[in-house]
Each structure stands twice: as structure tokens, then as C-alpha cells.
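# Reading the structure
Residues per chain, in single letters:
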Amino acid sequence: MRVFVTGIGCVSGIGMDVGEHLRSFRSGRDGLGGITLFPTRHDLPVSEVKAGNGALAERLSLSASRTFSRTSLLGMLAAKEASGDAAIPDGSGVRIGLVSATSTGGMDLTERFYPLFREHPAHGRLRYAARHDAGDSTERIAAYLGITGFRTTVSTACSSAANAIMFAARLIRNGILDAALAGGTDALCRFTLNGFASLMILDKAPCRPFDDTRAGLNLGEGAGYLVLQSEAALTKPPYCELAGYANVNDAYHQTASSPNGAGAYRSMKACLEKAGVLPHEVDYINAHGTGTVNNDASESAAIRRLFAGGVPPFSSTKAFTGHTLGAAGGLEAVFSVLALSGGLLFPNKNFTTPAPPAGLIPVTRYAEGASIRTVLSNSFGFGGNDTSLLFRKTDRQP
Amino acid sequence: MEQLKQELKEALIEALNLEDITPDEIEDGAPLFGAQGLGLDSIDALEIILLLERRYGIRIENPSEGKAIFYSVDTLTAYIEANRKP
Amino acid sequence: MTRQPPVYINSAASIHPPLDGVGECLPGKCLTAVEPDYKRLIPDATLRRRMSRIVRMGVAAGQACLQDAAGVSPEAILTATGMGCLADTEKFMNSLLDGDEERLTPTAFIQSTFNTVGAQLALLNGNQSYNTTYVHRTFSFESALLDALLLIREREAVDVLAGAMDEQTPTLYTVLQRLGCWKRAMAGEGAAFFLLSGRRTDGTLAILQDVELFSGDYGEQAIRERMERFLLAHDAAGARTLYPADYKRFCGEYPTAASFALWYACRELREAEGKRPVLVYNAFLDAHSFILLKPV
């Protein structure tokens, strides 16, 4: 059973919907700015979604008196756009599910609850604590969109959303679902910011993926979802096919990637094999490219090895959106679909100097109208978790 | 110097949760990192950076600087002696 | 319904509260898992030293499961947890608040990640295969189980290690108490892993027939009807049903309690004379699941 993409939706520091993202990419505008969402002593650039929780709730027509984590709100916004885009007619009998990813879940609300709670166990508002778990955001999104079928949540750090898309595809291929909203959402919070600060991998300047002078990543927040639909259940012409996917484990170190990129190499290779696509047939790679010394060196080595006959155009979009962690694979899947449907090449903002030994040069100029038939999207996470997705153009009609 | 070494070994054992290891078992000149030594890794390097900052007021901004400094208990103590804030 | 190739449970391991403990539900009581000798199950001191209690429990249960099926290298490691590594999360949160965001140690943050157990199992065993983690409340473990079933049916994998873990912490207990959870239930915890396979072995414990998840406002009668339909569809009308009360009196209430229930059911199937199918029924609030086992 083949799986197609029929809807896309996203929100991040560079836009509240797909259209705004396209305009930001075209004009080269990133989402970076200071931290305004919570008090902190860190002075670091981050890519926040340019709307507070109240404004998000208003956009979603939600009552201001109800409590939602920011992760839920961002997820609802992107999932709603994707679902509206797919426009599966009511009463079509299509069984739709939700496979959503997150790494922070309701941590933003826990940060409001816990300081009071630890002063006194009877203090702290329970309505915040009850939103802590990762599954909460998925349930809120499902309830908002009226999805009552299969729902689950995936969390594998920075590859979470790509793994959610993979599992959703498996559910469809096996006839458990006809369609699935799949992707991820993560809100920026103090916990995550300090976690990454403690790892000393946050750049104080705008991040420079694949550049020789790169010095770390910038955090971001957002959400990105696809609507995946089985061939048999198509109700509109799809954007493209999700032709391949693979997840492997680097099994090298808890946080670091192997220097030779063994895991990244195997995930890309297995993904291409699943799709029956040869390396020279890949037209664009949306790289994981976080801007950390370790990730980009490892990913570059893997790309060099797999695409020894010629490296296709590739770039990291994280200099625009920041690293949106559990949402990154979802956002970048949306960008990959856009690359295919519009022949777009996204620039790897802030790149100037190739980094030895791979010396790879990413796409540095925004382009439209390129001939793109296949796009590979990489998402790698802590715990050696490496996922690649392959999207392919299709002529398939419902 | 000997006292600092002993103190440092105890602090390393505590900060890095080195169960089953006593200060005497850590040789002054032996490598701390990699399979030949105590088997420490990049996460431990970050913990050692914090240990230096907390106990001795020494700041290391770039983790890659740590490689030579953290080679052994000998190199670490020499660095602390030279850089510690009174 | 098309005939699916059978999926076998070839080994099972669990870390849980004592089975000879209370054995009845004493609301408000907090059950604690009996922990094994971790040095035997996780000999790598370098990895073990950073592991918090839940990570040790999860990794040890996974390792014990693999040891029972000696020589098998699974093509997927699937983990599940409802609440994740709470103690490490709280530890990092406390150090953040105490130190006012300065001089934070990364270890607790790294270990607080939901996929820590899966990642550590991969590292310990040099396992480079598919590795993912489900974190959806009562459906966390069932999601992992479903993924395993599909992987084996699709022949993407022959052997799959799937398991779950959740820990009880003083903070969780207090929060859930304030939410009223312990008025009728005991707090529990545990870790359980299973080696699922498309290949039958001498040690095969049971056939995992199917997993079904559903949610909503179902009354007792509606559940019973749905259960009957499910059993009939699987030609298992005579199955013995394990209801939540049957196993939660041992393991207590926690999001992935179904993993203990499956371990308990495997044990029953092996020991029972009659060899009837066993249906594990799990329910919490409006989430319900069926896991159907058949004897080999």
C-alpha cells in the first residue's frame, strides 16, 4: 500500500502558516531574536513563534479560560492547517488517526507549577501539572480536530517527528488507518534552554550549519504536520508520495554522533533502498544540520560517502527556524514537500566557509522552479537516533 | 599538590558517579578519557568543567580546550594550581 | 480477514512490586518494584553509573529479556513510558531553580529524555537497528506492541524487543493524590520487556494474536460487547479475561501497567493446564485496550 501526502501545515519563528514560511524563505528572513517567553539570565538568540499563548488561543478560537500547554497550541495550529489542506470530506468514511511527536510536552506549564509545589506540596495549580505528560498535547490536538481514531505520541528527542511520520506510514500500509495526521510540536521552555546550555552547544550568534566557523545551534519552537493518506483512500490529488523511510541507531554515544557518520549513512541508505531510489536520483537533501561541530561533521561525512558520485543540492533550514527539536522532523517534512511541489531550493543561511575535511557547500541562494523529483529529509537525535524520509513526486490522482 | 590530587580524585568520583572506584585506583598520570583510562567521555568533560568552576572558580568557555587539560589527574592539578582563584 | 503470520512471544522479563505482597487493592498504598542486582544485568559500569532508577529498571528488564533469548539480535528496539524519566527531570529542574540557571550539570538533562532506555539498550548491545519510543499515557506500551506486530507482519523485522517502564516518585504520588487518583487505586511502577518474533523457538511462551486500542465513554456493558466481538473475530470466544483488578492488585496503577499484565498473562499461559487463550484488558479513565494471547 503506497502512502501519499495530501496536506501540510506548519508554524515556527518564521511564520504562522505555510504561506508565511514561503515568504520568509524567499526574503531570507530568519526567526531569531531574544528570549521573551520566560524570564531567564541567558542572553542567546532563539527563534520564537511570534505570538503569545493568548494570541494563539484566539487564532484557534479557544476559550481564554481553558489551560493549554504552548506545545499543544502550536500543534493545534499546524495540525489544523494540514487537516484543512487535505480537506478529507466529512462522511467519506476515511479512518483518520494522529501520530504526534514532542520532546517537551507540557513542560512550559510544569515550570509554572513546580516552583510553587516545591515550596509546599499543596501549592501549584493542578491544571498545569495535569498537562505535563507528552501524550497530553496529542490528546488536545485530537480533541480540537475531532479525531477520535487511533492516536499516539512518539518521543525520540530531535528525530521525534520523523519517527512519528514513519509510524503513521506503517499504520496506513497495514490498513490500521486510511489517513493520518503525523508530525510534531515543541514549545521553547526554560527547561530545554538550560538543558542545551548545560551541554555547551548553543551558539551566542546566529547558527551557521555546515560552516567552518559553526559554534553550536540556536533553539527554536514550532510544529509541522503532514496528512498522509493511503492510495485507496485518496480524496484529492496528492502533493507527493512518502516513498521511503528508515530509522537506525548509531549506537555510538548517548549524545554524540559517530565522527564518520555511520548512523546517518545507514539511515539515508536504508531509506533510499526502501524507496527504490538511487543516490544520483536524489534532487535535494533537507539536512539535519544543527550547526553543532559534531552533528554537521558527522552528517557531512555520511553525505560524502553515500553520494560519492556527486553530492546533490542540500541545505539546513535551521538557520531560519532554529532547532525545533521534537517538531523539526515535521517542519522539515513540510519544507521537503514544498521543495518538491514548487521546485524550491532553500538556502542554508549564514554559510560562508566550507568546513574540512568534507568541504561540502550547501545551497546558499533561494531558488524556484528547479527540477526536483525526490527529496531526502534527515532528522537525527540524542541516543544515536537517526531517521531519514524520502518524498517523491507523483502523478497519482484519486 | 598531593592533597589537591586526593581532593580532586574524590571530587571526580562523586561528580561522575564512579561507583566501585576508590581514589587510590586512579593513577595520577593515567588517561582519564577513553578505553585505556577511566572510560570518561564528552558528557564527563562537561561535568569536569562545572567541577572546576564550582570548586576552584576556573571557567572554561570552550569544551574543546578541555582535552589537554583533562588528560590525567596530573594535568588537571597542574592546571588548577596555575589558574585557581584564591 | 486475511490470515496473518503468527507473532510469538519468545521471552519476557519484568521488574515489579513483590507478588507475595499485599495481593489486594489498598487504595492510597504505594507499591515499589523489587530491583535486581544491576551489576549482573548491566555490567558496563561506564553506562550504568549515569542511570537513574527508572533507566536501570528499564535497561535491566530489557537485558534480562535478551539474555533469556540468548544470541538473538533484534531488528527493532521499541520502548514505551507514560511519564518518562521523572526523577531526572525533577533533578534538573531543581538544579535550574537552585542555581538560578547557572552551573548546570548536563547528565540529568540528557538522562531525562524519553528515549534514554531505548538508546542505552542499543549502546549496551551494539544494536544499530530501528529504535523508537512511545509516550502516550495508557496507550504507550500498546503502541509499541502494535508497532512490533506490524513490523513482524510486514517482515521488516523477525525479532523485536518491546517494553515499557514507569517509575513512582514522591512528587508524582503527591500530584496524583491531589488529583484524586489514589482514592480507589494503589500507586505502582515497573518495567517489563518482551522479545516478539516471527519465529517460534523452544522457549516460546505464547502467540500474540492482536492488540486493540479504543477510547471514549464506554460503560461496562459496552465494553463486554466489544470484548465479545473482538474475541469472536479472533476465534477465541473461550478466552479467560484478565481484568485490571486481577493484575493491578500486584503491580499497582501506572501508565504502562499493561506491560506487567502481559508478563503476568504469559506466566499464566505457561503454567495453566487448560491452555485457553488469555485476553489482557487494560483500562484507565476513558482509555481501553485488549491484548490477546493464544497458547502455542
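For clarity, every value in this text was computed on a predicted model and none was experimentally measured.

Rules of the game
- Residues numbered from 1 in each chain as written.
- Chains lettered and ligands numbered in written order.
- Predicted model: local features only at pLDDT ≥ 70, side-chain atom pairs only at ≥ 80, totals over all residues.
- Heavy atoms only, no water.
- Helix = DSSP H or I, 4+ residues; strand = E, 2+ residues; numbered from the N terminus.
- Rg over C-alpha atoms; globule rule 2.2 N^0.38 Å.
- Buried < 20%, exposed > 50% of the residue type's maximum accessible area, 1.4 Å probe, protein only.
- Contact = heavy atoms within 4.5 Å.
- Areas by Shrake-Rupley, 256 points an atom, 1.4 Å probe, with all protein chains shown as cover.
- Lys, Arg positive; Asp, Glu negative; His and termini not counted.
- Charge placed at Lys NZ, Arg CZ, Asp CG, Glu CD.
- Buried area = accessible area lost by both parts, 1.4 Å probe.
- Salt bridge = Lys/Arg side-chain N within 4 Å of Asp/Glu carboxyl O.
- Polar contact = N/O pair within 3.5 Å; in protein donor to acceptor, adjacent residues only side chain to side chain.
- Disulfide = S-S within 2.5 Å.
- Nonpolar A, V, L, I, M, F, W, Y, C, P; charged D, E, K, R; others polar.
- Axes fitted to C-alpha atoms, helices over the stretch in contact; angles between N-to-C directions.
- Parallel < 35°, antiparallel > 145°, perpendicular 65-115°, else oblique.
- pLDDT = per-residue confidence, 0-100.
- Expected span 1.5 Å × (residues − 1).

This paragraph deals with the overall build of chain B. Looking only at helices and strands, one finds 4 helices and 0 strands in chain B. When the helices and strands of chain B are read in sequence order from the N terminus, they spell out α-α-α-α. Taking 2.2 N^0.38 as the reference for a compact globule, 86 residues should give roughly 12 Å; the C-alpha atoms of chain B span a radius of gyration of 12 Å, in line with that estimate. Principal-axis analysis of the C-alpha atoms places the extent of chain B at approximately 30 × 25 × 20 Å. When each of the 86 residues of chain B is scored for burial, the buried share is 43%. Once local pairs closer than 6 in sequence are excluded, the contacts in chain B between residues at least 24 apart make up 54%. When the accessible surface of chain B is split by element, carbon and sulfur atoms take 49% of a total near 4,600 Å². Averaged over its 8 positive side-chain charges, chain B has a centre that lies 8 Å from the centre of its 18 negative ones.

Moving on: helix α8 (residues 190–198) of chain A. By the criterion of burial, α8 of chain A is predominantly enclosed, with 8 of the 9 residues buried. The complete set of buried residues in α8 of chain A reads R190, F191, T192, L193, N194, G195, F196 and S198 of chain A. Each element contacted by the buried residues of α8 of chain A is listed here: β3 (46–47) and α4 (107–119) of chain A, α2 (42–56) of chain B together with α4 (86–98) and α5 (106–111) of chain C. In the stretch just after α8 of chain A, M200 of chain A is the one whose phi turns positive, near 55 degrees.

The next subject is the interface of chain C and chain B. The interface of chain C with chain B comprises 12 residues on the first partner and 15 residues on the second. Among the residues chain C hides against chain B, the three largest losses belong to R49, R50 and R103 of chain C. Together they make up 51% of the total. Across the salt bridge formed by R50 of chain C and D44 of chain B, the nearest N and O atoms sit 2.8 Å from each other. The interface formed by chain C and chain B holds 11 residue pairs in polar contact (both at pLDDT 80 or more) in total. Elements supplying a minimum of two residues to the side of chain C that touches chain B: α2 (45–48) and α5 of chain C. Here the side of chain C that touches chain B takes 3 residues from α5 of chain C, the largest share from any one element.

Under the criterion given, the structure shown has 0 disulfides over all chains. Among the cysteines around C158 of chain A, which has no disulfide bond, C189 of chain A carries the closest sulfur, lying 13 Å off. There is no disulfide at C65 of chain C, and the cysteine sulfur nearest it, in C266 of chain C, is 9.6 Å away.

Further remarks concern the pattern of salt bridges. As enumerated under the stated definition, the model contains 50 salt bridges over all chains in all. K236 of chain A is the salt-bridge partner of D85 of chain A, the closest N and O atoms lying 3.7 Å from each other. Here D85 of chain A is found in helix α3 (residues 70–86), whereas its partner K236 of chain A is found in the loop between β7 (222–230) and β8 (240–249), with 151 residues between them in sequence. Residue R137 of chain C is joined to D136 of chain A by a salt bridge in which the shortest nitrogen-to-oxygen separation is 3.1 Å. With R137 of chain C in the loop between β3 (130–134) and α7 (140–153) and D136 of chain A in helix α6 (residues 134–145), this residue pair bridges two chains. With relative accessibility at 26%, the residue R137 of chain C sits in the partly exposed group.

It is worth spelling out the interface of chain A and chain C at this point. Opposite the 65 residues of chain A that make contact, chain C presents 55 residues. Carbon and sulfur atoms supply 57% of the area buried between chain A and chain C, which totals about 5,200 Å² over both sides. Together, R170, F191 and Q254 of chain A form the three largest contributors to the area buried by chain A at its contact with chain C, with a combined 14%. Counting across the interface, chain A meets chain C through 11 salt bridges. The partner of D147 of chain C in a salt bridge is R170 of chain A, with the nearest N and O atoms 2.8 Å apart. On inspection of chain A and its partner chain C, the count reaches 34 residue pairs in polar contact (both at pLDDT 80 or more). Secondary-structure elements contributing two or more residues to the side of chain A that touches chain C are α4, α5 (126–129), α6, β5 (151–154), α7 (160–173), α8, β8 and α9 (262–275) of chain A. By residue class, the composition of the side of chain A that touches chain C is 26 nonpolar, 26 polar and 13 charged.

At a closest axis distance of 12 Å, the pairing of α4 of chain A and helix α8 (residues 170–178) of chain C adopts a crossing angle of 100 degrees. Considering their axes alone, α4 of chain A and α8 of chain C lie roughly perpendicular with respect to each other. Across the interface between the two elements, F113, Y114 and F117 of chain A from α4 of chain A touch T171, T174, V175 and R178 of chain C from α8 of chain C.

We now examine the side chain of T81 of chain C. Residues and elements named next belong to chain C. Structurally, T81 can be placed in the loop between β2 (76–80) and α4. Separated by 2.8 Å, the side chain of T81 and the backbone oxygen of M165 make a polar contact. At 3.1 Å, the side chain of T81 and the side chain of D166 are in polar contact. Setting aside its immediate chain neighbours within four residues, T81 contacts I54, F114, Y134, V135, H136, S140, M165, D166 and T256.

The predicted model of chain B has a mean per-residue pLDDT of 89, with 99% of residues at 70 or higher. Interface scoring of the predicted complex returns ipTM 0.98; its pTM is 0.97.

Residue and element names in this part refer to chain B. If you check helix α1 (residues 2–15), its first and last C-alpha atoms are 20 Å apart, about what 14 residues at 1.5 Å a residue would give, namely 20 Å. Here α1 has its buried residues at L4, K5, L8, K9, A11, L12 and I13. At its buried positions, α1 is contacted by α2 and α4 (73–83). N17 sits one or two residues past α1 and shows a positive phi near 50 degrees.

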